[in-house]
Structures are given as C-alpha cells and as structure tokens.
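Coordinate analysis (summary)
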Amino acid sequence: MAKRVGIEVSIAIAEAVKLADADVIPAYPITPQTHIVEHLSELVANGELDAEFIPVESEHAAMSACCGASAAGARTFTSSSSQGLSLMSEILYIPSTMRLPIVMVVANRALSAPISIWNDHQDIMVQRDIGWIQTFAENGQEAVDLTLHAFRVAEDRKVSLPMIVNIDGFTLSHVIEPIEIPDQEEVDKFLPPFKPRYKLDPRKPISMGPVGVPEVYTEAKVALDNALKASKRVVLKAWDEFAEIFGRKYNPVETYRTEDAEVLLVTMGSISETAMTAVDAMRDSGQKVGLVRIRLWRPFPSVEFRKAAGKAKVLAVIDRCLPPGAVCGPVGEELRSLFYKVPGAPKIFSFVAGLGGRDVTVERFEEIVDKAKAYAKRRPKELYEVIGVREK
Amino acid sequence: MAKSDAIVGWKTITFGCHVLEPGNTASFRTGDWRSQRPVLDKEKCIKCGMCYIFCPDMAYDQTEEGYYECNLFYCKGCGICAHECPKNAITMVPEEG
C-alpha cells in the first residue's frame with residue numbers, strides 16, 4: 001500500500017522521479033527548485049536511483065543535455081525556475097518540434113528586476129509558446145501525481161512531446177504536506193518503459209534537428225501544433241488510468257461550487273486553495289460565486305473550459321503575471337479569445353495579483369469579485385487591473 | 001533536410017522532422033543557387049587538383065583523363081576554384097536565363 005507521509009513537496013517530487021526510474025538528469029540548481037535536484041543527486045549518489053546525474057554548467061547546458069539524452073532514448077528529467085528557465089529559453093523550442101519527451105518541473109518564480117526569488121507565474125508565461133504540454137499543480141499531492149502523469153503522457157508514442165509540471169515556488173516547493181507516495185509496483189503498472197519511436201543509434205543512423213528550409217519549416221511547425229493539440233486525448237486517458245490505479249481523479253479544468261454561480265473566479269496553481277476558502281465565505285454571505293481552476297494550460301482545454309464556465313455571467317480571471325504594454329494578462333487574453341463573439345459569453349475581467357511572492361488572500365479574492373460585479377454594470381476604463389498595488 | 005524531400009505536407013513530414021535516410025544530403029541540389037559557373041581551359045590545366053582540394057562543397061571529381069570536373073548539380077558558383085587555380089585555368093562565367 002502507498003504510504004501517506006509528511007514530506008516537503010520538492011523531496012516528494014524527487015521521490016516521484018525516482019519511482020519513474022529516470023535515466024538521465026541534467027540539472028542546475030536555482031531557488032526555489034534546488035531541493036528537487038539536490039535530493040535527486042543524493043538518490044543517484046547513494047545508489048537508490050540508477051541514473052546519470054549531470055551537474056551542468058548552466059540551464060542552457062541542462063536543456064541541451066536533456067535534448068541529447070532524450071534523443072538517445074533515455075528517460076530524461078530536469079527542473080528549473082525563473083532566470084534559469086529564461087536561460088534555457090533558446091533550447092526549449094527545440095525538443096517540442098523534435099518530439100523529445102523530456103519532463104521538467106518548473107518551480108514558478110518571478111523574473112528580475114528587481115531580484116525576486118518569490119512566487120508568481122511570469123517565468124513560465126514567457127515560455128508559453130515553446131510547444132510543451134503544461135500543467136499547473138495546486139498542492140503537493142498533485143505535484144507528485146502530475147510528475148508521474150507527465151512521464152506517462154510525454155513518452156506515449158502517440159504524443160512524444162516534452163512536458164512541464166508547474167508548481168508554485170515556496171508555496172508548494174518548500175512546504176511540508178501530507179503526501180501519499182505511491183508504491184513502485186503501482187507506478188510500474190502506470191508507467192511502461194520508455195520506448196521511443198526513433199532514437200540516435202549508430203546501428204540505425206538517422207539525423208535529428210536538421211535545417212528546415214522555407215519549403216518545410218511551416219509544415220514542421222504545423223505538425224508540432226497538431227501533435228500538441230492531439231495530445232489532449234492522451235492527457236485525459238492517462239488521468240483516467242491514474243485514477244484507476246491510484247484512486248485520485250484529475251481533470252483539465254476543475255470547478256468548485258460553480259452550480260448556479262453568476263461570478264466565477266478563474267485561477268491556476270496553488271492560490272486556488274485560498275480561492276476556494278474565499279468562495280465558501282462569499283457563498284455563506286449569499287453571493288453566487290464559484291471557482292474554475294485551469295490545470296491543463298497547454299494544449300488549452302477549450303471545450304472543457306467552456307463547459308466549466310457554464311452559464312456564469314462574469315469571469316474574474318487572475319493572472320500572476322504582469323503583461324507590460326499588453327491588453328491584459330495571458331490567461332485573460334486566452335479566455336477573451338476563447339469567448340470572442342460566442343453567443344451568451346460571460347463578461348471577462350482581467351486581474352493581475354500575487355506578483356513576486358505577494359500573498360493573494362481571501363480578502364483580495366473578495367475584492368476581485370466585488371470589482372468584477374461592479375465592472376459588469378459599468379465598464380472599466382482599463383482592460384486589466386493590478387490588485388493590491390499601492391499608489392503612494 | 002534534402003530539397004528532394006522538401007515538398008511534403010504537415011501530415012507527411014517525417015516525425016520530429018528527422019532525416020531517416022542517412023547521407024541523403026547527396027540528393028540535395030545546391031547547384032540552383034549558382035549565379036556563375038566555373039569553366040575549365042584544358043590547355044592551361046596541369047591537373048594539380050587544387051580546385052578539388054579547395055572546393056568547399058566537394059563538387060569536383062577527377063575524370064579518367066585526369067582532369068578535375070565540376071559537378072554542376074552541387075556547384076554553388078562561389079569561385080574559390082578559379083581563385084585558387086595556380087594556372088588561371090578556371091574562368092567564372094555568368095549563368096544566363
């Protein structure tokens with residue numbers, strides 16, 4: 001039987017990678033991801049995990065080594081955050097089009113300047129269009145489960161795409177939670193050995209990563225786009241299989257008290273737990289408020305989101321990312337596009353909150369709902385609003 | 001990716017854009033990039049092979065008579081052979097049409 005233990009979420013993720021029996025882990029430490037790769041290097045050093053741990057010289061090198069390892073047919077894992085993720089950026093676009101199923105946990109953190117080691121989603125939103133499958137975890141258990149799920153989905157021959165599991169830095173990475181660590185036997189049942197469609201093998205030579213002349217580049221990118229969109233089927237199937245084996249069911253979009261709700265908060269990641277508390281408080285005071293949480297960010301679950309939004313009249317979308325010079329934050333933009341000219345579409349209001357580790361409290365969620373209700377009656381001047389910002 | 005493979009749709013492009021046939025660059029016609037071509041004066045040629053050595057595309061082959069002949073399927077017309085020829089036996093002639 002799986003054991004439920006009090007464990008730091010980062011350590012639990014590293015244990016999940018061990019259970020997944022990763023072969024190669026090229027990694028560079030960066031706060032707040034450090035404990036994940038630190039624990040993995042210990043597991044490799046003490047012989048508990050039979051893998052190559054490559055202490056690379058930078059995140060750029062980490063992702064480059066990941067590409068090589070995955071191309072050679074190795075189950076490959078890495079983890080990063082913030083400035084480190086940005087340093088990887090040049091390489092991140094490569095494994096998706098090359099169909100290399102690398103798994104990465106990103107402990108989300110703000111970007112400089114000013115220097116901030118604390119949590120928001122700006123680091124990953126910069127990397128929105130890298131062509132990886134992306135999920136967002138709400139709590140420690142989910143971080144562990146989504147890590148195992150990522151290997152299962154990424155390496156599926158129908159998918160063969162890299163995958164990121166986003167966990168909020170500190171709020172998840174450094175918190176000790178009761179987490180059920182699955183049994184090896186159960187994990188083996190869920191996660192078959194990695195058998196890539198193609199790999200670098202001198203006995204059967206192929207070339208990976210060639211030049212794409214103008215006659216093929218568009219087709220190569222459209223092939224990736226279609227592969228990413230088609231991956232949703234496997235993402236869902238793998239969550240069904242996960243539920244059968246482990247008893248925990250995940251959906252691309254989760255709803256909380258959305259029945260008959262007029263205003264829906266829309267969140268991603270760990271602030272959703274606070275949002276649920278806020279929804280309870282507002283329901284207690286008679287307000288028809290609910291919560292929709294996006295777990296699968298890429299490919300975006302359009303059908304599931306429309307269904308989850310139901311007949312709500314107002315969506316209050318929270319981005320943990322300030323979009324300088326843009327019309328609104330990335331999640332807000334996504335939903336405005338999704339509902340553009342859809343008959344009966346809800347009014348969508350975009351809020352920016354929780355930057356650089358600022359807490360988003362129950363009161364802030366209440367403020368957001370109040371503002372969204374007011375804006376539904378009288379259109380706001382701006383297309384998004386930063387919550388909790390001081391002027392003086 | 002070889003140009004001979006280039007006319008493919010997104011459904012038929014190789015998985016991950018991999019090149020599955022080793023050495024298929026040989027079928028990549030680079031000759032159509034050329035704006036000028038090398039013409040050899042056999043009277044001046046001493047068969048030294050400098051053109052063969054310097055050609056960056058390995059477009060030169062030796063004939064049975066010992067002369068070096070440029071394969072216009074690959075020759076991009078860079079003119080290095082003409083520049084390096086110690087006997088000025090190679091002239092670059094503009095491609096017409």
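Residues numbered from 1 in each chain as written. Chains lettered and ligands numbered in written order. Predicted model: local features only at pLDDT ≥ 70, side-chain atom pairs only at ≥ 80, totals over all residues. Heavy atoms only, no water.

As for the packing of helix α6 (residues 140–154) of chain A against helix α8 (residues 214–246) of chain A
Residues and elements named next belong to chain A. Where α6 contacts α8, the two axes come as close as 10 Å, and the packing angle between them is 125°. By the angle between their axes, α6 is oblique relative to α8. Read as a crossing pair, α6 and α8 show a hand that is right-handed. Residues D145, L146, L148, H149, R152 and V153 of α6 form the contact with α8, whose own contacting residues are V234, V235, K237, A238, W239, E241 and F242. For the contact of α6 with α8, the per-class residue count stands at eight nonpolar, one polar and four charged. (Axes fitted to C-alpha atoms, helices over the stretch in contact; angles between N-to-C directions. Helix = DSSP H or I, 4+ residues; strand = E, 2+ residues; numbered from the N terminus. Parallel < 35°, antiparallel > 145°, perpendicular 65-115°, else oblique. Left-handed = near helix turned anticlockwise from the far one by under 90°. Contact = heavy atoms within 4.5 Å. Nonpolar A, V, L, I, M, F, W, Y, C, P; charged D, E, K, R; others polar.)

Observations regarding the packing of helix α1 (residues 9–19) of chain A against helix α2 (residues 34–45) of chain A
All names here are of chain A. At their nearest, the axes of α1 and α2 sit 8 Å apart, and the two run at 45° to each other. In terms of orientation, α1 and α2 fall into the oblique class. Helix-helix and strand crossings are classified by hand; for α1 and α2 the assignment is right-handed. Listed contacts from α2 to S10, I11, I13, A14, E15, V17 and K18 of α1 are H35, I36, H39, L40 and L43.

Section: the interface of chain B and chain A
With 16 residues of chain B at the interface, the matching set in chain A holds 20 residues. Between chain B and chain A the total buried area reaches about 1700 Å² when both faces are included, carbon and sulfur atoms providing 73% of it. Linking chain B to chain A there are one residue pair in polar contact (both at pLDDT 80 or more). Here the side of chain B that touches chain A is built from residues that sort into twelve nonpolar, three polar and one charged. (Buried area = accessible area lost by both parts, 1.4 Å probe. Polar contact = N/O pair within 3.5 Å; in protein donor to acceptor, adjacent residues only side chain to side chain.)

Observations concerning the sheet that holds strand β12 (residues 296–298) of chain A
Residue and element names in this part refer to chain A. Spatially, five strands are ordered β4-β5-β7-β6-β12 in an open sheet, and the strand pairing comes out mixed. The sheet terminates laterally at β4 (77–80) and β12, the two strands that pair on one side only. On average, each strand axis in the sheet is tilted by 25° relative to the strand beside it, whichever way the strands run. Both strand β6 (residues 133–136) and β12 contribute to a ladder of two bridges, which runs antiparallel. Bridge pairing links Q134 to R298 in β12. (Pairing = 2+ DSSP bridges.)

What to know about the packing of aromatic side chains
All names here are of chain A. The full count for this structure, using the stated rule, is 14 aromatic pairs over all chains. Among the aromatic side chains, those forming a connected cluster through ring pairs are F190, F242, F246 and Y250. Stacked on the ring of W297, the Lys or Arg R298 has its end atom at 4.3 Å from the ring centre. (Phe/Tyr/Trp six-rings, centres within 6.5 Å; stacked < 30°, edge-to-face > 60°. Lys NZ or Arg CZ within 6 Å of the ring centre and 35° of its normal.)

Considering the pairing of strand β2 (residues 24–27) of chain A
All names here are of chain A. What you see with β2 is no split at all: V24 and P26 on one side and I25 and A27 on the other are buried throughout. Two strands pair when backbone bridges link them, and β2 and strand β3 (residues 52–55) are joined in this way by four bridges, in the parallel orientation. Bridge pairing links A27 to P55 in β3. Each parallel crossover has a hand, and for β2 linked through α2 to β3 it is right-handed. (Buried < 20%, exposed > 50% of the residue type's maximum accessible area, 1.4 Å probe, protein only. Right-handed = clockwise from strand over helix to strand, strands pointing away.)

What about the sheet that holds strand β15 (residues 384–386) of chain A?
Residue and element names in this part refer to chain A. If you walk across this open sheet you meet the six strands as β9-β11-β10-β13-β14-β15, and the pairing is mixed. Each end of this open sheet is capped by a strand with a single partner; those strands are β9 (253–256) and β15. Strand-to-strand, the axes of this sheet are offset by a mean angle of 25°, without reference to chain direction. Where strand β10 (residues 263–267) and strand β13 (residues 314–319) come together, four bridges link them in parallel fashion. In the sheet register, L264 faces β13, and the bridge partner there is L315. Sitting on the sheet, helix α9 (residues 271–284) is in contact with β9, β10, β11 (289–294) and β13, with an inclination near 165° to β11.

Overview of the pairing of β4(A)
Residue and element names in this part refer to chain A. Residues F77 and S79 point to one face of β4 and T78 and S80 to the other, with burial holding for every one of them. Where β4 and strand β5 (residues 103–108) come together, four bridges link them in parallel fashion. Counterpart to T78 in the pairing with β5 is M104. In this view, the connection linking β4 to its parallel neighbour β5 by way of helix α4 (residues 82–97) has right-handed handedness.

Side note on unusual backbone geometry
Residues and elements named next belong to chain A. Residue T31 is joined to P32 through a cis peptide bond whose omega torsion reads 0°. The phi dihedral of R99 falls on the positive side, at around 60°, and the residue is not glycine. Structurally, R99 is set in the loop between α4 and β5. With a phi close to 50°, S160 is a non-glycine residue in the positive phi region. A relative accessible area of 9% places S160 in the buried class.

Some details on the domain arrangement of chain B
Under the domain assignment used here, chain B contains domain 1 (1–29) and domain 2 (34–97). The C-alpha centroid of domain 2 of chain B is placed 29 Å from the C-alpha centroid of domain 1 of chain B. (Domains from an automatic or database assignment.)

Things to note about the pattern of salt bridges
Residue and element names in this part refer to chain A. Considering all chains together, one arrives at 28 salt bridges over all chains under this definition. In this structure, R248 and D145 form a salt bridge, with 2.5 Å as the shortest nitrogen-oxygen distance. Of this pair, R248 sits in the loop between α8 and β9 while D145 is found in helix α6, placing the two residues 103 residues apart along the sequence. Judged by its relative accessible area of 0%, D145 falls in the buried class. Linking K371 and E367 is a salt bridge whose minimum nitrogen-to-oxygen distance equals 3.1 Å. Of this pair, K371 and E367 are both found in helix α12 (residues 362–377), four residues apart, which corresponds to roughly one turn of the helix. Using a relative accessible area of 22% as the deciding quantity, one classes E367 as partly exposed. Within this structure, E138, E142, E254, R293 and R295 form a network of salt bridges that share partners. (Salt bridge = Lys/Arg side-chain N within 4 Å of Asp/Glu carboxyl O.)

Concerning the domain arrangement of chain A
All names here are of chain A. Domain boundaries assigned for chain A yield domain 1 (3–246) and domain 2 (253–386). A C-alpha centroid distance of 28 Å is found between domain 1 and domain 2. Contact residues are listed per partner, giving 29 residues for domain 1 and 26 residues for domain 2. Contact between domain 1 and domain 2 buries roughly 2200 Å² in total, counting both sides, with carbon and sulfur atoms accounting for 56%. Inspection of the domain 1/domain 2 interface yields six salt bridges. Where domain 1 packs against domain 2, one counts 13 residue pairs in polar contact (both at pLDDT 80 or more). Per-element tally for the side of domain 1 that touches domain 2: the top contributor is α8, with seven residues. When the residues that make up the side of domain 1 that touches domain 2 are grouped by side-chain class, the tally is 13 nonpolar, nine polar and seven charged.

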